[in-house]
Amino acid sequence: MHSLVELYDEILARQLAPKEGSYTTYLFSKGLDKILKKVGEEATEVVIAAKNHDKQELIAETADLFYHTLVLLAEEGVSLTEIEAELESRQGKISQTKDRATITDL
């Protein structure tokens, strides 16, 4: 069982030392647009699985989304430490969320 940190470290290693036949290497070779496309596809599949109340599919699609997001972070040079710091900076704060105007409200 890998932690997200271990998976991220493996992704970074593959970025530095590409391996023929590796899906991660393939994504890095195709570049940011391909990685973004995959993140978007996986996010949509997570939504569909949740909407369908399909727990196993939700687990599988969330794992795919996490993986592709980690590839995106590596591609963009964002560390997990930076993400953790951002999450910690939000902890305990009162949300300033309010309803947003819809197109018909404008």
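Here the structure is a predicted model, which is why all the values come from computation and not from measurement.

Some remarks on the overall build of the protein chain
Check the secondary structure of the protein chain and you find five helices and zero strands. Of the regular secondary structure in the protein chain, the N- to C-terminal order runs α-α-α-α-α. Among the 106 residues that make up the protein chain, the fraction classed as buried is 23%. Sequence-distant contacts, at least 24 apart, represent 59% of the contacts inside the protein chain between residues at least 6 apart. Counting every atom, the protein chain has about 8200 Å² of accessible surface; 57% of that belongs to carbon and sulfur.

Remarks on the packing of aromatic side chains
Within the structure shown, the criterion is met by two aromatic pairs. Plain terms: the ring middles of Tyr-23 and Tyr-26 are 6.0 Å apart, the flat faces sit at 25° to each other, and that makes the pair stacked. Of this pair, Tyr-23 and Tyr-26 both sit in helix H2 (residues 23-30), three residues apart, which is roughly one turn of that helix. Aromatic ring contacts, followed pair by pair, group Tyr-23, Tyr-26 and Tyr-67 into a single cluster.

What to know about unusual backbone geometry
You will see that His-53, though not glycine, has its phi angle at about 55°, which is positive. Looking at the secondary structure, you find His-53 in the loop between helix H3 (32-51) and helix H4 (55-75).

Details of a negative patch on the surface
On the surface, Glu-45, Asp-54, Glu-57 and Asp-64 cluster together into a patch of negative charge. Secondary-structure assignment places Glu-45 in helix H3.

Observations regarding H3
Because each turn of an α-helix spans 3.6 residues, side chains separated by three or four positions end up pointing in the same direction. Here H3 is 20 residues long and its end C-alpha atoms lie 29 Å apart, about the 28 Å a rise of 1.5 Å per residue gives. Among the residues making up H3, those that are buried are Ile-35, Lys-38, Val-39, Glu-42, Val-46 and Ala-49. Down the axis of H3, the buried side of the element spans an arc of 100°, and every buried residue falls inside it. Along H3, the residues that are exposed and aim more than 90 degrees away from the buried face are Asp-33, Val-47 and Lys-51. Tucked inside the fold, the buried residues of H3 contact H2 and H4. Immediately beyond the C-terminal end of H3, within one or two residues, lies His-53, with a positive phi of roughly 55°.

Each value, and the rule that gives it
Residues numbered from 1 in each chain as written. Predicted model: local features only at pLDDT ≥ 70, side-chain atom pairs only at ≥ 80, totals over all residues. Heavy atoms only, no water. Helix = DSSP H or I, 4+ residues; strand = E, 2+ residues; numbered from the N terminus. Buried < 20%, exposed > 50% of the residue type's maximum accessible area, 1.4 Å probe, protein only. Contact = heavy atoms within 4.5 Å. Areas by Shrake-Rupley, 256 points an atom, 1.4 Å probe, with all protein chains shown as cover. Phe/Tyr/Trp six-rings, centres within 6.5 Å; stacked < 30°, edge-to-face > 60°. Patch = residues over 30% accessible without salt bridge, like charges linked within 9 Å, V, L, I, M, F, W, Y side chains within 5 Å. Salt bridge = Lys/Arg side-chain N within 4 Å of Asp/Glu carboxyl O. Lys, Arg positive; Asp, Glu negative; His and termini not counted. Charge placed at Lys NZ, Arg CZ, Asp CG, Glu CD. Expected span 1.5 Å × (residues − 1). Arc of directions from axis to C-beta.

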